Amino acid sequence: MDDADEATLSRLASALSDADTAAALTGAGISAPSGVPTFRGEEGVWGTEFDPMDFRIGRFRRDPEGFWRDRLDLHDRLFPDGVEPNSAHEALASLEAAGLLDAVVTQNTDGLHAAAGSETVLELHGNAARVACVDCGATRPAEPVHERVRAAVEGEDGTDRELPPTCPDCGGVLKPDVVLFGESLPRRTFRRARDLAADSDVFLAIGSSLEVEPAASLPRRAAAGGTLAVVNLDSTAADKRADIRFRADVTDVLPALAARLDVR
Ligand code: APR
Ligand code: ZN
C-alpha cells in the first residue's frame, strides 16, 4: 500500500474507532479472491459467459425447465467446489467482533460472510445454498435439489426426471432462494439495511460496482449523513460521493484496516 493509501487508511481507522454506528455493503468483488467470479468488469460473467436476461423472474415463470438448466450452469460457475472465505471476509468479521462494525449488508448469495464468522449479515439478494417453493414458501438446502436437476439434465436412466424440481410438501415449483432480476428484495431485510445506512457514521462500500438498485441507493443514503468509504478495484457509481476511496484489492485494504485497529 503506498503512502497515500497509508494516510487514507489512518483516516478510515480513526473514523471507524470514533463511530457509534458503522456498516459495510459488499458485492461480488469481496468474494473474487475466494474464486467466485464477478458479474461486471473485465472478468465479469454477464455478457461473456451468461446473459442476465436468462435469469429474470419472467423467464423462470415462463420456462422453469430452461431456467433451471441455465441456473445450474451459472451456479456451478459462481460457486466452484471448495469456495472458502478470504482474509477480507475475515477482517470484517473481526471488526464486528471488536464492536467496530454493526453489520454486513451483502449483495452476495455465497454465504461467505457467515462462514467467516460475521454474525449480523443482511442478505439483500438471498442465499444460493437454499431453494424456496413458489407456492408454500418452504425453503430447503439447494444441493440435493441440484443433484436431482443435474441427473435429469444429464438424462441418467433410473432417476426421477424432475425438471423443474418440485416441492415435496405441496408440489409447487422450486426456485433458487435468491432475488432474480425483476423481483423485489426481501422487504424487512432491505428496510433494516436502509435504516442502517441512514444511521451509519461510517459506511463501507466494498467490492461492488454499485450499479444495481436498490442496493446502490444505500451508499448514497449513508453519504448524506456520514462518512462513505469505497474499496473497489474499478471506479464505482458512488465514487464522487465518497469521502474516502481505495482503488485497491479488498485483501490488501481490509486486513490492513483491521490490523491498524488492532483487531486481527
Ligand atoms: N478487490 C476489490 N474489488 C474487486 C476485486 C478485489 N479483489 N475483484 C473485483 N472487484 C470489483 C470489480 O472492480 C467490480 O467493480 O468488484 C466489483 C464487482 O462488481 P459486480 O461484478 O457488478 O458485482 P456486484 O456489484 O456485487 O453486482 C451486484 O448484480 O448481477 C447482479 O445480483 C447480482 O448481486 C449482484 C448485483
Ligand atoms: Zn411447497
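Preceding this section is the structure that the text describes.
Residues numbered from 1 in each chain as written. Chains lettered and ligands numbered in written order. Predicted model: local features only at pLDDT ≥ 70, side-chain atom pairs only at ≥ 80, totals over all residues. Heavy atoms only, no water.

Undergrad: Please explain the pattern of salt bridges as it appears in this structure.
TA: If charged atoms from side chains of opposite charge come close, those side chains can pair. In total, this model carries 14 salt bridges according to the counting rule given. The closest approach of N and O atoms between R150 and E143, which form a salt bridge, is 3.6 Å. Several salt bridges converge on common partners, so that one network encompasses D76, E143, E147 and R150. (Salt bridge = Lys/Arg side-chain N within 4 Å of Asp/Glu carboxyl O.)

Undergrad: Teacher, can you tell me more about the nonpolar core here?
TA: A general trend in soluble globular proteins is that nonpolar side chains are found buried together. Among the nonpolar cores identified, the biggest contains 31 residues, and L92, L95, I206, L254 and L257 are the most heavily contacted of them. Sorting the residues of this core by element identifies α1 (3–18), β1 (22–26), α4 (87–97), β7 (202–206), β8 (227–231), β9 (244–246) and α9 (250–260) as the ones contributing at least two each. In this view, L254 contacts I30, A88, A91, L92 and I206; residues no more than four positions away in its chain are not counted. Core analysis: the second largest hydrophobic core is formed by 27 residues, V45, A128, A142 and C167 among them. (Core = buried A, V, L, I, M, F, W, Y, C linked by side-chain atoms within 4.5 Å. Buried < 20%, exposed > 50% of the residue type's maximum accessible area, 1.4 Å probe, protein only. Helix = DSSP H or I, 4+ residues; strand = E, 2+ residues; numbered from the N terminus. Contact = heavy atoms within 4.5 Å.)

Undergrad: What is the right way to look at helix α6 (residues 142–154) in this model?
TA: Since there are 3.6 residues in each turn of an α-helix, residues three or four apart along the chain are aligned in direction. An ideal rise of 1.5 Å per residue puts 18 Å on 13 residues; α6 measures up with 18 Å between its terminal C-alpha atoms. A142, V145, H146, V149, R150, A151 and A152 are the residues of α6 that are buried. Packing partners of the buried residues in α6 comprise α3 (64–78), β4 (126–133), β5 (139–141) and β6 (174–178). Immediately downstream of α6, the backbone of G155 shows phi near 65°, a positive value. (Expected span 1.5 Å × (residues − 1).)

Undergrad: Would you explain the site of ligand 1 in this entry?
TA: Lining the immediate surroundings of ligand 1 are 23 residues, of which R40, W46, S208, S209 and D234 lie closest. One nitrogen or oxygen atom from the side chain of D234 is found 2.7 Å from an oxygen atom belonging to ligand 1. Between ligand 1 and the protein, one listed contact pairs a nitrogen atom with a backbone N or O atom of V250 at 2.9 Å. For ligand 1, whose free accessible area comes to 740 Å², the fraction covered by protein is 93%. Residues that form the shell around ligand 1 fall into these classes: 11 nonpolar, nine polar and three charged. (Near = heavy atom within 4 Å. Polar contact = N/O pair within 3.5 Å; in protein donor to acceptor, adjacent residues only side chain to side chain. Areas by Shrake-Rupley, 256 points an atom, 1.4 Å probe, with all protein chains shown as cover. Nonpolar A, V, L, I, M, F, W, Y, C, P; charged D, E, K, R; others polar.)

Undergrad: What am I meant to see in the coordination of the zinc ion (ligand 2) here?
TA: For a metal bound by four donors in a tetrahedral arrangement, the ideal donor-metal-donor angle is 109.5 degrees, while six donors in an octahedral arrangement ideally sit at 90 or 180 degrees. Protein ligation of the zinc ion (ligand 2) involves C133 (SG), C136 (SG), C167 (SG) and C170 (SG), the donor distances falling in the range 2.2 to 2.3 Å. With four donor atoms in place around the zinc ion (ligand 2) and angles of 97 to 119° between them, the coordination shape is tetrahedral. Sequence positions of the donors to the zinc ion (ligand 2) reduce to the motif C-x2-C-x30-C-x2-C. In this pair, C133 sits in strand β4 while C167 sits in the loop between α6 and β6, placing the two residues 34 residues apart along the sequence. You can call C133 buried: its relative accessible area is 4%. We classify C167 as buried; its relative accessible area is 3%. (Donors = N, O, S within 2.8 Å, 3.2 Å for Na, K, Ca; no water. Tetrahedral: all angles 85-135°; square planar, octahedral: opposite > 155°, others 65-115°.)

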